[in-house]
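Here is what each chain is made of, one letter per residue.
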Amino acid sequence: MITKYLLIFVTGYLLGNFYFYNENTVKYKYDKNEKYKNVLLHSLRYYIINIFVILPVLSLDMLLAATYIALTHFIIDTVKYIYLINSKNIKKIRVFVTSQCAHLASILILAYIMDCWNFSIGHIRIVDNILNTYGFNPEKLIRWILAVLFIHEPVNNFIQIFLDDYKPGKKDKIIIKTDNKAGRRIGTIERLIMIIFLSTDQYTAIGFILTAKSIARYDRITKDEKFAEYYLLGTLISTLCVIVCRKIILI
């Protein structure tokens with residue numbers, strides 16, 4: 001039962017924290033000059049998204065759980081905001097990893113409490129009927145939705161922040177910035193294909209994906225050592241995230 005709780009609230013976490021937002025409400029995450037109201041707006045949006053996520057399994061227990069998640073999310077982001085406005089040297093990757101681990105830890109604690117106290121999960125009959133009609137396994141479907149959500153925005157954000165300190169010189173930074181959107185899309189498609197191959201035990205096919213990606217940047221990789229290291233590091237992190245996703249989410 002604890003697995004169901006985790007799948008539901010991690011889905012809400014990914015949607016609320018990485019997908020349903022706008023630029024004004026996420027600047028505070030790393031910008032000490034932003035206003036505190038953005039923390040409030042983000043937390044409110046996060047709560048609403050989690051309510052929508054639990055609608056198919058709505059119950060009083062699930063509603064209380066969603067409220068707890070929203071409150072802990074607000075507290076963690078408030079602590080992060082206080083840290084940002086009082087810090088001189090901010091390491092984005094450290095802030096990112098610490099805050100995301102704190103959010104996930106709060107979900108793990110909630111799932112454990114819900115399992116110990118036997119929190120009830122509601123069922124909307126029409127949803128069950130639709131899934132049964134088309135032969136979908138609800139848990140397997142949620143796992144795949146969660147996997148796709150994970151390998152897109154969260155991984156893209158993590159890689160971008162992680163590689164920020166490893167970018168080549170100013171001239172190259174401009175080039176990389178202009179290619180950023182296309183690179184994010186390519187990275188997502190690459191990881192999606194890889195996760196499909198891993199799920200069907202087609203491990204050797206992954207080599208073709210990485211080879212095709214390298215060919216596209218072959219000229220620059222061979223001429224620019226710093227860019228080659230930057231490119232290789234990003235590729236390895238991306239591949240590692242896919243493996244983690246396969247082992248933890250699509251088990």
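Residues numbered from 1 in each chain as written. Predicted model: local features only at pLDDT ≥ 70, side-chain atom pairs only at ≥ 80, totals over all residues. Heavy atoms only, no water.

1. Overview of unusual backbone geometry
Then, number 1: One non-glycine residue with positive phi stands out, namely Asn-118, at about 55°.
Then, number 2: One can find Asn-118 in the loop between helix 5 (92-116) and helix 6 (125-133).
Then, number 3: Looking at Asn-118, the relative accessible area reads 63%, which means it is exposed.
Then, number 4: Here the phi dihedral of Asp-201 falls at roughly 60°; this positive angle occurs in a residue that is not glycine.
Then, number 5: Inspection of the secondary structure puts Asp-201 in the loop between helix 10 (180-199) and helix 11 (205-216).
Then, number 6: Given a relative accessible area of 48%, Asp-201 falls into the partly exposed group. (Helix = DSSP H or I, 4+ residues; strand = E, 2+ residues; numbered from the N terminus. Buried < 20%, exposed > 50% of the residue type's maximum accessible area, 1.4 Å probe, protein only.)

2. Describing the confidence of the model for the protein chain
As a general rule, the predicted coordinates of low-pLDDT regions are not to be interpreted in detail.
Then, number 1: With 88% of its residues at a pLDDT of 70 or more, the protein chain shows a mean pLDDT of 86.
Then, number 2: Throughout residues 24-28 the model reports pLDDT below 50, and contacts reaching past four residues in sequence, or to other chains, amount to 15 contacts. (pLDDT = per-residue confidence, 0-100. Contact = heavy atoms within 4.5 Å.)

3. Side note on the packing of helix 7 (residues 138-151) against helix 8 (residues 153-162)
Then, number 1: The contact between helix 7 and helix 8 brings their axes to 3 Å, and the two run at 25°. With respect to their mutual orientation, helix 7 and helix 8 come out roughly parallel. Contacts from Leu-149, Phe-150 and Ile-151 of helix 7 reach helix 8 at Glu-153, Pro-154 and Val-155.
Then, number 2: The class makeup of the residues in the contact of helix 7 with helix 8 is 5 nonpolar, no polar and 1 charged. (Axes fitted to C-alpha atoms, helices over the stretch in contact; angles between N-to-C directions. Parallel < 35°, antiparallel > 145°, perpendicular 65-115°, else oblique. Nonpolar A, V, L, I, M, F, W, Y, C, P; charged D, E, K, R; others polar.)

4. Structural notes on the layout of surface pockets
Then, number 1: Considering only enclosed or pocket space, the second largest pocket measures out at about 830 Å³ in volume.
Then, number 2: Elements that contribute at least two residues to the lining of the second largest pocket include exactly helix 1 (2-19), helix 5, helix 7, helix 8 and helix 13 (225-248).
Then, number 3: In terms of residue class, the lining of the second largest pocket is made up of 24 nonpolar, 2 polar and 1 charged. (1 Å grid on protein atoms, 1.4 Å probe; cavity = no way out; pocket = protein on both sides within 12 Å on 5 of 7 lines; lining within 4 Å. Points joined across faces, edges and corners; volume = space filled by probe spheres on them.)

5. A few points about the nonpolar core
Then, number 1: Counting residues in hydrophobic clusters, the biggest one holds 39 residues, and the most contacted among them are Ile-8, Phe-9, Tyr-13, Leu-14, Ile-54, Met-62 and Met-114.
Then, number 2: When contributions to this core are tallied by element, the ones reaching two or more residues are helix 1, helix 3 (37-54), helix 4 (60-85), helix 5, helix 7, helix 10, helix 11 and helix 13.
Then, number 3: The element best represented in this core is helix 1, accounting for 9 residues.
Then, number 4: Apart from the residues lying within four places of it in its own chain, the contact partners of Met-62 are Ile-8, Phe-9, Ile-54, Val-57, Met-114, Ser-120 and Ile-121.
Then, number 5: Core analysis: the second largest hydrophobic core is formed by 8 residues, Ile-159, Phe-227, Ile-237 and Cys-241 among them. (Core = buried A, V, L, I, M, F, W, Y, C linked by side-chain atoms within 4.5 Å.)

6. A word on helix 5
A turn of α-helix holds 3.6 residues, and therefore any two residues three or four places apart point the same way.
Then, number 1: In this model helix 5 runs 36 Å from its N-terminal to its C-terminal C-alpha over 25 residues, within 8% of the 36 Å that 1.5 Å per residue would give.
Then, number 2: Here helix 5 has its buried residues at Val-95, Phe-96, Ser-99, Gln-100, His-103, Ser-106, Ile-107, Leu-110, Ala-111 and Met-114.
Then, number 3: Summarising the contacts, the buried residues of helix 5 are in contact with helix 1, helix 4 and helix 8.
Then, number 4: At the exit of helix 5 stands Asn-118, carrying a positive phi of roughly 55°. (Expected span 1.5 Å × (residues − 1).)

7. Here we look at the side chain of Asn-50
Then, number 1: Its location among the elements puts Asn-50 in helix 3.
Then, number 2: A residue is classified by how much of its surface remains accessible, and Asn-50, at 1% relative accessible area, is buried.
Then, number 3: A distance of 2.9 Å separates the side chain of Asn-50 from the backbone oxygen of Tyr-46, its partner in a polar contact.
Then, number 4: Sequence-distant contacts of Asn-50, that is, excluding residues within four places in its chain, are made with Phe-9, Gly-12, Tyr-13, Ala-66 and Ile-69. (Polar contact = N/O pair within 3.5 Å; in protein donor to acceptor, adjacent residues only side chain to side chain.)

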